[in-house]
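Summary of the model geometry
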Amino acid sequence: MRTEQYLNDIIEKDGAAHLTLIDPDAQDLNEASNIAGAAAKAGSDAIMIGGSVGASGDILNETLRAIKTAADLPTILFPSGACGLSKYADAVFFMSLLNSRDPNYLITNQMLGAKAVLEYGIEPIPMAYIIIEPGGMAGWVGDARLIPRNKPKLAAAYALAGTLLGMRYVYLEAGSGAIEPVPTKMINTVKSAGCGTLIVGGGIRDANAAKAAVNAGADIIVTGTAIEEATDIQTTITEFVDTIKR
Ligand code: 1GP
């Protein structure tokens, strides 16, 4: 429970936490190292590592080692399947894509990876993953039956089901690089339904959007593209962090 407790303590103290997403398939080792170093200096709370395609094997392991050298922050895997596990990480979002049509993303990959999680000694954080329109690459790869943006009650029903199944975290995902983030009304409806720790990501391009998500009920904000595309990475992360925390 080390990483989970660490995040929960931050949320209690600061009102929200910020995760910096690094996709080993999109960022080379040098870029990953720069982003991780900037994230630590800017006060981001942890590094999330994963991606829908290609974030596995040597490149995943080497990226984690580069991140660990550059930043003294917890590393949390965000795997697209059992291939996205690495012994170099501190924790893993042990997640099920609840609105997938494909049993591979509901339980088969989890079955395939469970023993490795224990053997590697990485901390599993049970998480319900729910993909909202437009869904991006994650939605396509995960064969998600995308939640319509104007149907917040559907997202809330999935989140509650995940919570009752024992998943302590819920992640509302609009898809990396989404034109618009998850609607604030949906965030609010999900949080009000009584789910656990609520992560929101996908299409959060600036600090105002991040703050709006937190005001609506998000506990953790994930940003990847906005950091990847920033000209000044540390300043951009600092803006996110300073704006969402009280
Ligand atoms: C993707 O939610 C994350 O899984 C981050 O999305 O790249 O749009 O920040 P962005």
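For the structure, check the block above.
Residues numbered from 1 in each chain as written. Predicted model: local features only at pLDDT ≥ 70, side-chain atom pairs only at ≥ 80, totals over all residues. Heavy atoms only, no water.

Details of the layout of surface pockets
Definition in use: Residues are called lining when one of their atoms sits within 4 Å of a cavity or pocket point, these points coming from a 1 Å grid over the protein atoms alone, where a cavity is a set in which a 1.4 Å probe fits but cannot get out and a pocket is an open set with protein on both sides within 12 Å along at least five of seven lines. Grid points are joined across faces, edges and corners, and a volume is the space filled by probe spheres set on the points. For the purposes of this entry, the term helix denotes a DSSP run of H or I that reaches at least four residues, the term strand denotes a run of E that reaches at least two, and both are numbered from the N terminus. Classes in brief: Ala, Val, Leu, Ile, Met, Phe, Trp, Tyr, Cys and Pro nonpolar; Asp, Glu, Lys and Arg charged; the others, Gly included, polar.
Here the largest pocket is characterised by a volume of approximately 800 Å³. Lining the largest pocket are 48 residues; nearest its centre among them are Gly-51, Ser-52, Phe-78, Tyr-129 and Ala-138. If you list the elements that add at least two residues to the lining of the largest pocket, you get strand E1 (17-22), strand E4 (91-97), helix H4 (103-120), strand E5 (123-131), helix H5 (136-141), strand E6 (169-173), strand E8 (220-223) and helix H9 (225-228). Here the lining of the largest pocket is composed, by residue class, of 24 nonpolar, 19 polar and five charged.

Thoughts on the pairing of strand E7 (residues 197-201)
Looking along a regular strand, one sees the side chains alternate between the two faces of the sheet. Here is the rule we go by: For the exposure calls, accessible area comes from a 1.4 Å probe over protein chains only, and a residue counts as buried if that area is under 20% of its type's maximum, exposed if over 50%, partly exposed in between. Only strands joined by at least two bridges in the DSSP assignment are considered to pair. Whether a crossover is right-handed comes down to one check: with the strands pointing away from the viewer, does the path from the first strand over the helix to the second run clockwise; if it does, it is right-handed.
Along E7, five of the five residues are buried, which leaves the element largely enclosed by surrounding structure. Relative to E7, E6 runs parallel, the two being bridged by five bridges. Paired with Leu-172 across the two strands is Val-200, which belongs to E7. In this fold, E6 hands off to helix H7 (residues 184-192), which returns the chain to E7; that crossover is right-handed. Pairing geometry for E7 and E8, over three bridges, is parallel. Of the residues in E8, the one forming a bridge with Ile-199 is Ile-220. Between the parallel pair E7 and E8, the chain is carried across by helix H8 (residues 207-216), and the sense of this crossover is right-handed.

Here's the deal with empty space enclosed by the protein
Counted by the stated rule, this structure contains one cavity of 30 Å³ or more. Approximately 40 Å³ is the volume attributed to the largest cavity. Surrounding the largest cavity, Ile-49, Gly-50, Gly-51, Ala-55, Leu-60, Leu-77, Phe-78, Pro-79, Ser-80 and Gly-84 form its lining. Looking at the lining of the largest cavity residue by residue, the classes come out as six nonpolar, four polar and no charged.

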